[in-house]
Every structure is written in structure tokens, then in C-alpha cells.
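# Coordinate analysis (summary)
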Amino acid sequence: MSDPNSDQSSDEDVDPESERADELGGTLSKWTNYIHGWQERWLVLRNNTLSYYKSAHERQYGCRGALCLSKAVVTPHEFDECRFDISVNDSIWYLRAEDPELRQQWVDTIEHHKAESGYGSESSLKHHGSTLSLISATSGLSSTSASSFRKGHSLQEKVAEMETFRDILCRQVDTLQTYFDSCVSGHHREELQKDKVKDGDDDDDDDDSPISRTDGDYLLDDSCKEKLFPVASPRGPAGIDFKGEAIAFKATTAGIFSTLSHCIETMVKREERWQRRLEKEMERRRRVEESYKLVLMDLNKKSQYGGPDYEEGPNSLINEDEFYDAVEAALDQQDRIEEESEKCRSPRPVALSPDSDSSAGTHRYSTEVDEMVHSHMTHSLQDVGGDANWQLITEEGDLRVYRREVEENGVVLDPLKATHVVSGVTGHEVCHYFWDTTFRSDWETNVESFTVAEPLSDTAVIIYQTQKRVWPASQRDILYLSVIQRMLSANESEPETWLVCNFSVDHDSYPPTSRCIRAKINVAMICQTLVSPPKGNKEMIRDDILCKITYVANVNPGGWAPASVLRAVARREYPKFLKRFTSYVQEKTSRQAILF
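An account of the accompanying structure is given in this report. (Residues numbered from 1 in each chain as written. Predicted model: local features only at pLDDT ≥ 70, side-chain atom pairs only at ≥ 80, totals over all residues. Heavy atoms only, no water.)

### Notes on the overall build of the protein
Selection rule: Under the DSSP-based scheme used, a helix requires at least four consecutive residues in state H or I and a strand at least two consecutive residues in state E, with every element numbered from the N terminus. Exposure classes here rest on a 1.4 Å probe applied to the protein chains alone. A residue is buried below 20% of its type maximum, exposed above 50%, and partly exposed in between. Only heavy atoms enter the contact rule, under which two residues are in contact if any of them lie within 4.5 Å. Note on areas: Shrake-Rupley, 1.4 Å probe, and residue coverage restricted to the protein chains presented here.
Secondary structure assignment for the protein yields eleven helices and 21 strands. In the protein, which comprises 596 residues, the share counted as buried stands at 35%. Of the contacts made within the protein by residues no fewer than 6 positions apart, 60% connect residues no fewer than 24 positions apart. Element-wise, carbon and sulfur atoms account for 51% of the exposed surface of the protein, whose accessible area totals about 36700 Å².

### Comments concerning the pattern of salt bridges
Selection criterion: Basic side-chain nitrogens of Lys or Arg form a salt bridge, by our definition, when they fall within 4 Å of a carboxyl oxygen of Asp or Glu.
In total, this model carries 23 salt bridges according to the counting rule given. For R287, the salt bridge is made with E283, and the minimal N-O distance between the two is 3.7 Å. Of this pair, R287 and E283 both sit in helix α6 (residues 242–298), separated by four residues, roughly a single helical turn. Since its relative accessible area comes to 44%, R287 is described here as partly exposed. Relative accessible area serves as the criterion here: at 31%, E283 is assigned to the partly exposed category. Taking the shortest distance from any N to any O, the salt bridge between D414 and R567 comes out at 2.6 Å. Of the two residues, D414 is situated in the loop between β13 (411–412) and β14 (416–423) and R567 in helix α11 (residues 563–589); the sequence distance between them amounts to 153 residues. By relative accessible area, which is 12% here, D414 ends up buried. Connected through salt bridges with shared partners, the residues R403, E405, E407, D414 and R567 form a single ionic network.

### Quick look at the nonpolar core
Short version of the rule: Here the nonpolar core consists of buried residues drawn from Ala, Val, Leu, Ile, Met, Phe, Trp, Tyr and Cys, with membership extended through side-chain atoms lying within 4.5 Å.
Membership of the largest hydrophobic core comes to 36 residues, with the highest contact counts inside it found for V430, F434, M525, Y551 and F581. Sort the elements by how many residues they give to this core and α11 lands first, with six residues.

### Here's the deal with the packing of aromatic side chains
Heads up, the condition is: Planes of paired rings set the category: under 30 degrees apart is stacked, over 60 is edge-to-face and the rest tilted, where pairs are Phe, Tyr or Trp rings (Trp by its six-membered ring) whose centres lie within 6.5 Å. Put simply, a charge is over a ring when the Lys NZ or the Arg CZ is close to the ring centre, within 6 Å, and near the line of the ring normal, within 35 degrees.
Across all of its chains, the model carries 13 aromatic pairs by this definition. Ring centres of Y433 and F439 lie 4.9 Å apart, and the angle between their planes is 55°; on these two criteria the pair is classed as tilted. For Y433, a relative accessible area of 0% translates into the label buried. Taken together, F434, W443, Y551, Y574, F577 and F581 form an aromatic cluster joined through their ring pairs. Taking the ring centre of Y52 as reference, the NZ or CZ of K30 above it sits at 4.7 Å.

### Regarding the packing of helix α9 (residues 427–435) against α11
When two helices pack together, their arrangement is given by the angle between their axes and by how far apart the axes lie. For the record, the criterion: In this analysis an axis means a line fitted to C-alpha atoms, helices contributing only their contacting stretch, and an angle means the value between N-to-C directions, from 0 to 180 degrees. An angle below 35 degrees is read as roughly parallel, one above 145 as roughly antiparallel, one from 65 to 115 as roughly perpendicular, and any other as oblique. Here a crossing is called left-handed whenever its near helix is offset anticlockwise from the far helix by less than a right angle, and right-handed whenever the offset is clockwise. When residues are grouped by polarity, Ala, Val, Leu, Ile, Met, Phe, Trp, Tyr, Cys and Pro land in nonpolar, Asp, Glu, Lys and Arg in charged, and all others, Gly among them, in polar.
Relative orientation of the contacting elements α9 and α11 amounts to 110°, with a least axis distance of 10 Å. Considered as vectors, α9 and α11 are oriented roughly perpendicular to each other. Relative to α11, α9 is oriented so that their crossing is right-handed. Counting all contacts with α9, which are made through E429, V430, Y433 and F434, the residues of α11 involved are F577, F581, Y584, V585, K588 and T589. In terms of residue class, the contact of α9 with α11 is made up of seven nonpolar, one polar and two charged.

### What about the environment of C547?
Here C547 is to be found in strand β21 (residues 545–556). Sequence-wise, C547 and V422 are 125 residues apart; in three dimensions their C-alpha atoms are separated by 5.2 Å. If near-sequence neighbours (up to four positions away) are discounted, C547 is found in contact with H420, V421, V422, V425, T426, G427, V430, C527 and Q528.

### Here's the deal with the environment of E58
With respect to the helices, strands and loops of the structure, E58 is situated in the loop between β3 (49–53) and β4 (65–68). Taking the C-alpha atoms as reference points, E58 and W42, separated by 16 residues in sequence, lie 9.2 Å from one another.

### Regarding the side chain of E573
Condition: Under this definition, polar contacts are N or O atom pairs within 3.5 Å; protein pairs additionally need one hydrogen-donor-capable and one acceptor-capable atom, and for neighbouring residues in sequence, both atoms have to be side-chain atoms.
Locating E573 in the fold gives a position in helix α11. Owing to a relative accessible area of 13%, E573 belongs among the buried residues under this scheme. Polar contacts involving the side chain of E573 include one to the side chain of K576, which spans 3.2 Å. E573 has contacts with L331 and N446, leaving out every residue within four places of it along the chain.

None of this, on its own, says anything about what the molecule does.
What follows is the structure, given as C-alpha cells:
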């Protein structure tokens, strides 16, 4: 069906379905920010523009961003086979496909779409105006005035010359206007005289008529101030040389056009000079941009605009606030996962050994174990109240956490000490659940995997474990010896004391790798059992016992991380860990026989 409004603009004749036919779309993962990471987005390629939406069903709400592909640079990632980046000046999109084949399809389609758009081709230049059109438009005029160009004449001098020509023209116009006015006045009087002659009033109006003379001139009346105008004189009224004035007028206008041509020529030459300077600057900028890209490649292709290639380090471009926001978001996500797994976890039967060896046995690390245990029993149990170096950072009832701020070469090594009192459990029970790897996955939420590297005795093992990565910090692993001991008291008045000591060691089967940063630890869990004798002959119950816990941790993260972030995480995580672990022990032992 034809359109009755055929004279309307061509925009109204465009069929939207034909435009939709050239539209390509699909789902890709797009890097959103350092907190939410990769998110699925619906991308649409249409009319040389790449747009993205939250989903295909939310297109009616408008796109969330768009890139013009004319000057876009598509870069497949060097290591990630499913990822490619699209950059336009300072804007970069980080995209990931489900597999390498789909990534290659997107890259080829975008490059093909750019080629078909005609950017950079000769045909595309026909659609754009050029400053060179000024040269072509004035070439015909400037060629006629080449003789007027004088080397060394500035544009300011020619403009002043045109001002002089303007003044001359104004005076000549005034002179010619006076001549034409005089001609009109003389013609009017001549017509008036003829009318009077026809009416027979020549005798009555002698005083008002001009007097004829023998030389052919007329004497005008007083209103014309007795001026004589020769009839056959080569000069016009008022003594004006009309022919000379006309020649002068023609010469002046020719001079103006010549000067204008010179000005245009000068401007064209300046335009050419500025065009050459612009081309040089563009070439210089191109070389600088290429050098800048090479520098980025030398820096392991780290992005300058907050992409997923950020790594921890003293030169990290993420500021401390953003670093902490990312770490906190990752820890919150781990907490949510732990809460869900806690709901689905079914209770397991628990069988505790009635007693443990009072010593760690004899093995190749026996000397180091004795030194570590003696050091903790000597220094860790000391009261922190009189030590000005310890700072109280958290206090929640009986739970108190202290810290000393220590840094070495920019790495935070803050020693930490926490004290807590838990009812209904003994020191032996708390240390057993802390040491036995059988229950490690029940209460430890930050461990990705662990394995017993080597059992040294019934109470000492070497453990290798990897911590869950908290982006943007690098992943850590730990290789440490874990030992549980019962400390013999000097007299009966001292409370029964159990200790678990974990400290880093080396092992040939687990050398450091490039995948993880090896952290160093020296941790002790010291538990003292306090008993309130039951009244009368009643049997002792769990309400009659308390466990005083002293937890000390000296951790070297093995690499850089912002000091404020590490201290904020410690303030948040250590109290949460102690409360979660002690609640777990209380739950597991609530229906078990008391184990001293």
C-alpha cells in the first residue's frame, strides 16, 4: 500500500522491521565493578553501535550503556580464552563468552560490522565536510589576484589598506550623489520653465525665470545662489568630472577586490600551515598512544580503569576504601554461604578420646615444639592490662580482642590476642575440636581445602591448607605444624591447662607456588578449665565448669595489602571466629560426658 503522504520526510518512510533485521544480540558476561564482578548482560549490535541491557526482557526500559564501534579497539585476552575487551578512548568494556568459539564469533562479527560501516574508507570521506573546501572555493578568485600579493605584506596591512579604500569609496559616493541631485534639480526647473511659457506667463514672471545669455548659460534665481551651469561644458553640475569620478570608482572597487583576494590567499596559506601542524600533532599523539599501549603490556596488561585485572600490591590502583569494600563484600558472601550450609548440615556422632598424650612425642620437630610451647606459656598468658602497647579493639561481654600495630617493609604483622570465657565446656574439649582435622570443615569457613601433609605423632601433624580467595587480595596458602598438649600444673591450685600450637614449617612435598602467596603463622589456643564444686553430694554438671580461653595469633600475610584493610578485617573476623567456634563446641558437647 502506497503512502498518501508521499511528500513527507524520508525518516517517516523507514520500516522499523527492516532496521530490526540488521540487529544482532546475545548474552555475555560483563565486568560490572570490583564488588559485584561478572554479571550476565544482553548485548545488541546495531547501526555500528554496541549496547547492553540487564536482560533481553528489560529492553523496553532502555539500554544501560552503548559504545560507537567506529573507533573501537577489540582485544582478545592473552590468557583468558573466553574473554575479550572493547575500548573506546577511556571507556573499556570487559566481556566474557561461555566458550572460546563464541568469543571468536563475537570478535569476528564486531570487526566485520566495523568494516561494513565504511569508517576510514574513501567513500566515508565523501560524507564529511573538509576545511579544504575553502581552498577550492577561492582558488579561482585567488588566481586572478596573484599579482597583488607582495611578499612581506601582512594581513593587518591589507586590512588597513581596505579601510583606506572604504573611506575613498564613501567620499566618491557622496560626490556622485551630489552630482545626481544637481541633475535632478536642473531638470525640474527646466520643466517648470516650459510650463510657464505655455501658459503665457513669461512677462509676469520675469523675476522668477532664468535669464538667457548669449553664451548659452542660464542665470539661476537667488535660491540657487546665482550659480552658473554651462550647458555644453565637459564638466557636469557643480564642476564635477563625472567620467573621472567613474574611472576612480572603478579603480577603487578593483583595488578592494584585489586586496580581498590577497586576504583570502593569506588565510588559505595560514590554513594550510595550521593543517600541517594539526597533522603533525595527530601523528605525535598516535605515537604516544602506541607507546602507552606498550607500557600497559609491559605492566602485565593491568587496566587503568578499574577492570578485573587488578591485583594486590603497593602499586595497586585501587584505593584503600575500594579495596576494603571489595574484601567486605566477599566476606559477606562467604558468611551467607556458611549460613545456608549450616542449615543443611546434619549432626554427626562425636566420639572423643578419653585422654590424650601429655606430650607431643618424639619427632624431628620436637625441639621447635618445646620452644614454641614454652614461649606461649611464658608470654601469651601475661596480663595485657599494664602493657601500653596492646590496644583494646573489641569488647563484647567476656570477649575482648587486643592488638599491637607492627609493620615491616610495608607489610602488616600486627600480633593479636583475644580472651574469652565459655561456660559448659572444658579446655580439653575446646582444644580437641580446634586441633582435630576431622571437625575442621564444620567450623572453619575461610579454608578452601586442607590436607594432612605428614603425621608426626598421635598429637602432632603437618597440615597444608589453602584459604578462600577474597578479591582483590591474592589467594594464600599455609603449611604449618599443629600440636596439642596438656600442660602439667605445678600444684593442685592451678587450673587444668590445654594448649594447641600451630606454627609454620617447611616441607619438601609442598613448596611455595606462583598460584598462592605463602603466609606464615604462629597461633596458640590456650584453654584453662575452671570448676565450681557442686553443692552437697550432687554430680558435677556442665553448668559447674567454665573455660577461660586465651587466643594469640601472629600472622605474616606474605605479601602487601592495605594496612587499614587488614586491621579492619581483623577487627571484624577474629571476634566472629571465636564466637562461632565456641558456640560450635558447646553444641557438640552439650549431650556428651564431660571430658577433663
